[in-house]
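Secondary and tertiary structure notes
Chain residues, written in single-letter form:
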Amino acid sequence: MASPPDTSKTTKLERYNSYIRRVNSTKLLAASSKLLFRVTLLVALVLIFFFTFNYPPLADNASPAGHHVHTTSHLLSSAFYGSGASWEKEVRRSSTPRRPNGFSVLVTGAGGFVGTHCSLALKKRGDGVLGLDNFNSYYDPSLKRARQKVLKQHEIFIVEGDLNDGELLAKLFDIVPFTHVLHLAAQAGVRYAMENPQSYVSSNIAGYVNLLEVAKNADPQPAIVWASSSSVYGLNTENPFSESDRTDQPASLYAATKKAGEEIAHTYNHIYGLSITGLRFFTVYGPWGRPDMAYFFFTKDILQGKQINVYQTHDNKEVARDFTYIDDVVRGCLGALDTAEKSTGKGGKKRGPAQLRIYNLGNTSPVTVGKLVSILESLLNVKAKKHVIKMPRNGDVPFTHANVSLAFKDFGYKPTTDLSTGLRKFVKWYVSYYGIQPRVKGSNNSA
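First, a word on what this report is: a plain description of the structure on this page. (Residues numbered from 1 in each chain as written. Predicted model: local features only at pLDDT ≥ 70, side-chain atom pairs only at ≥ 80, totals over all residues. Heavy atoms only, no water.)

Covered by surrounding structure in strand β3 (residues 157-160) are Phe157 and Val159 together with Ile158 and Glu160, the residues of both alternating faces. Pairing of strand β2 (residues 128-133) with β3 involves four bridges; the strand directions are parallel. Following the sheet pairing, Gly131 is matched in β3 by Ile158. (Buried < 20%, exposed > 50% of the residue type's maximum accessible area, 1.4 Å probe, protein only. Helix = DSSP H or I, 4+ residues; strand = E, 2+ residues; numbered from the N terminus. Pairing = 2+ DSSP bridges.)

Right, let's get into the state of the cysteines. Tallied over the full model, the rule gives zero disulfides. Left without a disulfide partner, Cys118 is nearest to the cysteine sulfur of Cys333, which lies 3.8 Å away. Taking relative accessible area as the criterion, Cys118 reaches 0% and is therefore assigned buried. (Disulfide = S-S within 2.5 Å.)

In this section: the pattern of salt bridges. Taken as a whole and judged by the stated rule, the model has 15 salt bridges. In this structure, Asp410 engages Lys409 in a salt bridge whose closest nitrogen and oxygen atoms are separated by 3.1 Å. Each of Arg99, Arg125, Asp127 and Asp338 takes part in salt bridges that share partners, so that together they form one network. (Salt bridge = Lys/Arg side-chain N within 4 Å of Asp/Glu carboxyl O.)

What follows is about the pairing of strand β4 (residues 180-183). The alternating pattern of β4 places His180 and Leu182 and Val181 and His183 on opposite faces, both of which are buried. Judged from the four bridges that link them, β4 and strand β5 (residues 223-229) form a sheet pairing that is parallel. Paired with His180 across the strands is Ala223, a residue of β5. You can see the chain leave β4, run along helix α7 (residues 197-217) and come back into β5, and the turn it takes is right-handed. (Right-handed = clockwise from strand over helix to strand, strands pointing away.)

The subject of this paragraph is the packing of aromatic side chains. Evaluation of the coordinates by the stated rule reveals 30 aromatic pairs. For the ring pair Phe296 and Tyr434, a centre distance of 6.4 Å and an interplane angle of 90° mean the geometry is edge-to-face. Of this pair, Phe296 sits in helix α9 (residues 294-303) while Tyr434 sits in the segment after α13 (419-433), and the two are 138 residues apart along the sequence. Ring centres of Tyr359 and Phe411 lie 4.9 Å apart, and the angle between their planes is 80°; this geometry places the pair in the edge-to-face category. Remark: Phe411 occurs in helix α12 (residues 405-411) and Tyr359 occurs in strand β13 (residues 356-361); sequence separation between them is 52 residues. A cation over an aromatic ring shows up here: Arg99 above the ring of Phe103, its NZ or CZ 5.4 Å from the ring centre. Here Lys144 stacks its cationic end above the ring of Tyr139, 4.6 Å away from the centre of that ring. (Phe/Tyr/Trp six-rings, centres within 6.5 Å; stacked < 30°, edge-to-face > 60°. Lys NZ or Arg CZ within 6 Å of the ring centre and 35° of its normal.)

Moving on, we come to the nonpolar core. The biggest cluster of nonpolar side chains holds 80 residues, and the ones touching the most others in it are Val114, Leu182, Phe281, Tyr295 and Leu423. Excluding anything up to four places from it in sequence, Tyr295 contacts Phe113, Val284, Tyr285, Gly286, Gly289, Arg290, Leu372, Leu376, Leu423 and Phe426. By size, the runner-up hydrophobic cluster in this structure holds 31 residues, among which are Leu132, Ala185, Leu212 and Ala215. (Core = buried A, V, L, I, M, F, W, Y, C linked by side-chain atoms within 4.5 Å. Contact = heavy atoms within 4.5 Å.)

Attention now moves to helix α11 (residues 369-380). An α-helical turn contains 3.6 residues, so any two residues separated by three or four positions project in the same direction. Here α11 contains twelve residues, and its C-alpha end-to-end distance of 16 Å stays within 8% of the 16 Å for a straight helix at 1.5 Å per residue. All of the buried residues along α11 are Val369, Leu372, Val373, Ile375, Leu376, Glu377, Leu379 and Leu380. The inward-facing, buried residues of α11 contact α9, β8 (307-312), β14 (367-368), β15 (385-390) and α13. Looking one or two residues past α11, Asn381 carries a phi angle of roughly 60°, positive in sign. (Expected span 1.5 Å × (residues − 1).)

Between its first and last C-alpha atoms α13 spans 21 Å; for 15 residues at 1.5 Å apiece the expected length is 21 Å, and the two agree. Leu419, Gly422, Leu423, Phe426, Val427, Trp429, Tyr430 and Val431 are the residues of α13 that are buried. Its buried side turned inward, α13 meets α5 (141-153), β7 (284-285), α9, β10 (324-325), β14 and α11. For α13, the N-terminal capping position is held by Asp418, with its side-chain oxygen 3.1 Å away from the main-chain nitrogen of Ser420. One or two residues past the end of α13 sits Gly435, with phi positive at roughly 65°. (Polar contact = N/O pair within 3.5 Å; in protein donor to acceptor, adjacent residues only side chain to side chain.)

Two elements in contact, α9 and α11, have axes separated by 10 Å at closest approach and are oriented at 45°. Compared by their axis directions, α9 and α11 come out oblique. Of the two elements, α9 crosses α11, and the hand of that crossing is right-handed. In contact with Tyr295, Phe298, Thr299, Ile302 and Leu303 of α9, α11 contributes Val369, Leu372, Val373, Leu376 and Leu380. Counted by class, the contact of α9 with α11 contains nine nonpolar, one polar and no charged residues. (Axes fitted to C-alpha atoms, helices over the stretch in contact; angles between N-to-C directions. Parallel < 35°, antiparallel > 145°, perpendicular 65-115°, else oblique. Left-handed = near helix turned anticlockwise from the far one by under 90°. Nonpolar A, V, L, I, M, F, W, Y, C, P; charged D, E, K, R; others polar.)

Quick look at the structure:
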């Protein structure tokens, strides 16, 4: 009788294969669990950073929840930028003057148009300069970062933080005994206030008050020079605009916040002895300027063959501006700093009367927007596609004209650059910065 077939080897092989499958399944499950955990962790971190950067606290400068302008959060600015021996060394190095009796100046908004130019001018003459900027997204942040690189090449350090971050500001004043503050940080633009009004209150009022609160408690108290605006003249009908004219009829929220800043300055001067000088800028333009300004986006649109809107008033008059070249404004800012008297308070208490001033910084020669376009057409060698329309009721005023006699008397302010010369320098910078092949007249000339 035949013996039954031996199945032991087959059974063992099946058991072994089953064991291998179970081991592999366990390994796969473990690997999948690890992968799932890592993916979940990564997603959580991404979400944390997303909400940190895009939805900071309501007090954050120019970025209340639900609005468009994004800034660095207070948490990151204080915890990351405001700590560490190397960070403090950089802050001290940048703010230390290199000339006898030189200033140590905190420049807020140093990554901005006027802030960059003023920082470079101060550093060039041997003053210590420390910048502060939140690099918000009101306009292309890459332009602000490019300015930051220029400042870094000249050994000017910008602390990345927000005016509403009191902890960070207090830390900076603890590290550096600033002699002066050049306060240029603000939410700019007249028309944008209709889209994002809270950003103007957050930056131009709350941020300014926060800065003054820290400055009043500093020892020594710094002298403060800050940027107001020609917009405060609003519906004023006097011509030219003088510092003694009425400024209680602002035509835009931006203007209202700047007017509020002037009243707040009076309060802190009166109560705490802070020396404060306000500067009313008139339509500043030039290289490294702001893309939201007409001369800038007109240049862009003309080169791209796009139609540009040229405004007229509702009674068919041309809109005109007292366009002021950046170098003239910088000289005005430095003149104001040089003639600013020391604050008189100590430990938050006033010890005597302190200086309080307000000045126009303009060009004194209004030019129509039509003339501006004609100059750009000539410089760019391109005919603009103009669309003449009525000025919308968005807070813009039809005409500005500065009387600068007071600034001339007190610190020798005298603008020297006409619009054609200034625009030639701007256009040369523009085509170079954006790498545009010149059809531009005089683009290879020195400016």
